[in-house]
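Topology and contacts: notes
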Amino acid sequence: MSGTAVPVVFVHGLWLHSTSWQPWVDLFREAGYAPVAPEWPGIPDTVAEARAVPERYGDHGVTDVTDHFAEIIRGLPSKPVVIGHSFGGLIAQQLLGRGLARAAIALDPAPAKGVLALPLSALRVASVAVRNPANRRRAVALTPAQFRYGFGNALTERESAELYERWTIPTPGRPLFEAALANLVGTATRIDTADQGRGPLLLTAGGRDRTVPPAIVEGTARLYRKSPAVTDVVRFPDRGHTLTIDQGWREVAQTSLDWLHRQGL
């Protein structure tokens, strides 16, 4: 990793493996950044290995994962840009709020504490885990049909099935419980939205996203309204929750690069 290139840390969300970021890593490296895509704590290095041993990494929540990435960031030569998708987008915001990132991009981010929107489609996706209390401490897999509903609904059936087979893994259920209960108890999904000295933040909203519908992203943006720090929102009207991995990923990635350049990064 170059000592002068700006580091970029990619953080995936639920049900996707870190290797799904590889096209982004390649593009950002070509653009002059120093990108890395670490895995969540305990998850093996490949999709096949992760599918084989979900019992080894099921009991992790948002704070565990954020602390894990904070430790990785402290080992970098300089403060990075953090780019996260879904729950990774929530974690990116937490890292920005901790002062560990120079900027953050939250792609269709999971809801933070204080976001009140609860679209039915998001509740249906979360119910995959939260309908069984035992899932709080174990990893939960999606079926192809569940992936098609929550992630691949804006795609052809064939592309959705291909992405499911290539990138999906069982995922810790605890973050979904923490998000579901955030506005009643707990602080795991809280973000520091009042920080006036934080770096710039970009939020994206996929217009056809069922897992994180636009109402959730708009609610997140409202949490930041009292801060004078840069908070931008970009909307992709025809995109679903696969916007980082489907055939249109490059549009989202290039939009992210263009935004970073406008911030002087």
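Residues numbered from 1 in each chain as written. Predicted model: local features only at pLDDT ≥ 70, side-chain atom pairs only at ≥ 80, totals over all residues. Heavy atoms only, no water.

1. Section: the overall build of the protein
Along its length, the protein carries 10 helices and eight strands. Expected size for 265 residues packed as a compact globule is a radius of gyration near 18 Å; at 17 Å, the protein falls within 12% of this value. Dimensions of the protein, computed from C-alpha atoms along their principal axes, come out at roughly 45 × 40 × 35 Å. At a minimum sequence separation of 6, the contacts of the protein that also span at least 24 residues come to 77%. In the form shown here, the protein has an accessible surface area of approximately 11100 Å², with 51% of it arising from carbon and sulfur atoms. Each charge sign in the protein was given a centre, from 28 positive and 25 negative side chains, and these centres are 6 Å apart. (Helix = DSSP H or I, 4+ residues; strand = E, 2+ residues; numbered from the N terminus. Rg over C-alpha atoms; globule rule 2.2 N^0.38 Å. Contact = heavy atoms within 4.5 Å. Areas by Shrake-Rupley, 256 points an atom, 1.4 Å probe, with all protein chains shown as cover. Lys, Arg positive; Asp, Glu negative; His and termini not counted. Charge placed at Lys NZ, Arg CZ, Asp CG, Glu CD.)

2. Quick look at the packing of aromatic side chains
For the coordinates displayed, the defined rule picks out 10 aromatic pairs. With a centroid separation of 5.6 Å and 50° between ring planes, the pair formed by Phe28 and Tyr33 is classed as tilted. Of the two residues, Phe28 and Tyr33, neither departs from the other in class, the shared state being buried. In textbook terms, an aromatic cluster arises when at least three aromatic residues are bridged by ring pairs, as seen for Phe10, Trp21, Trp24, Phe28, Tyr33 and Trp249. (Phe/Tyr/Trp six-rings, centres within 6.5 Å; stacked < 30°, edge-to-face > 60°. Buried < 20%, exposed > 50% of the residue type's maximum accessible area, 1.4 Å probe, protein only.)

3. Considering the nonpolar core
Core analysis: the largest hydrophobic core is formed by 59 residues, its most contacted members being Trp15, Trp40, Val82, Phe87 and Leu95. When residues of this core are assigned to their parent elements, the largest contribution, six residues, is made by helix α4 (residues 87-97). What Leu95 contacts, discounting residues up to four positions off in sequence, is Thr66, Phe69, Ala70, Ile73, Val82, Leu100 and Ala101. Residues Tyr33, Ile83, Trp259 and Leu260 belong to the second largest nonpolar core, which totals 23 residues. (Core = buried A, V, L, I, M, F, W, Y, C linked by side-chain atoms within 4.5 Å.)

4. Examining the sheet that holds strand β8 (residues 231-236)
What links the strands of a sheet is backbone hydrogen bonding, and the strands pair in either a parallel or an antiparallel sense. Reading across the sheet, the six strands line up as β2-β1-β3-β4-β7-β8 and stay open at both edges, with parallel pairing between neighbours. Strands at the two margins of the open sheet, each flanked by one partner only, are β2 (34-36) and β8. For this sheet the average axis-to-axis angle between neighbouring strands, irrespective of direction, equals 15°. Here four bridges tie strand β1 (residues 7-11) to strand β3 (residues 81-85), and the two strands are oriented parallel to one another. Bridged to Val9 within β3 is Val82. Lying on the sheet, helix α10 (residues 249-262) is in contact with β3, β4 (103-107), β7 (201-206) and β8; it crosses β4 at an angle near 155°. (Pairing = 2+ DSSP bridges. Axes fitted to C-alpha atoms, helices over the stretch in contact; angles between N-to-C directions.)

5. A short note on a nonpolar patch on the surface
A surface patch of nonpolar side chains, amounting to about 350 Å² of accessible area, comprises Leu118, Leu120 and Leu123. Tracing the chain through its elements places Leu120 in helix α5 (residues 120-130). Residue class for Leu120 comes out exposed when judged on its relative accessible area of 72%. (Patch = residues over 30% accessible without salt bridge, like charges linked within 9 Å, V, L, I, M, F, W, Y side chains within 5 Å. Salt bridge = Lys/Arg side-chain N within 4 Å of Asp/Glu carboxyl O.)

6. A closer look at unusual backbone geometry
The backbone phi angle of Trp15 is positive, close to 75°, even though this residue is not glycine. Along the polypeptide, Trp15 turns up in the loop between β1 and α1 (22-30). Its identity as a non-glycine residue notwithstanding, Asp108 has a phi of 45°, on the positive side. Looking at the element boundaries, Asp108 is found in the loop between β4 and α5.

7. Here we look at the layout of surface pockets
Each pocket or cavity is described by its volume, and for the largest pocket that value is around 460 Å³. Around the largest pocket, the lining is made up of 28 residues, and of these Pro111, Leu118, Ala126, Ala179 and Ala180 lie nearest the centre. Taken together, the elements giving at least two residues each to the lining of the largest pocket come down to α5 and α8 (174-180). Of the residues in the lining of the largest pocket, the class split is 24 nonpolar, four polar and no charged. (1 Å grid on protein atoms, 1.4 Å probe; cavity = no way out; pocket = protein on both sides within 12 Å on 5 of 7 lines; lining within 4 Å. Points joined across faces, edges and corners; volume = space filled by probe spheres on them. Nonpolar A, V, L, I, M, F, W, Y, C, P; charged D, E, K, R; others polar.)

8. A closer look at the pattern of salt bridges
According to the stated counting rule, one finds 11 salt bridges in the structure shown. Each of Asp59, Asp64, Arg137 and Arg174 takes part in one network of salt bridges that share partners.

9. Observations regarding the side chain of Thr244
Secondary-structure assignment places Thr244 in the loop between β8 and α10. What Thr244 contacts, discounting residues up to four positions off in sequence, is Trp21, Trp24, His85, Leu107 and Trp249.

10. Some words on the side chain of Ser86
Secondary-structure assignment places Ser86 in the loop between β3 and α4. Each residue touching Ser86, except ones within four places of it in the same chain, is listed here: Gly13, Leu107, Asp108, Pro109, Ala110, Val212 and His241.

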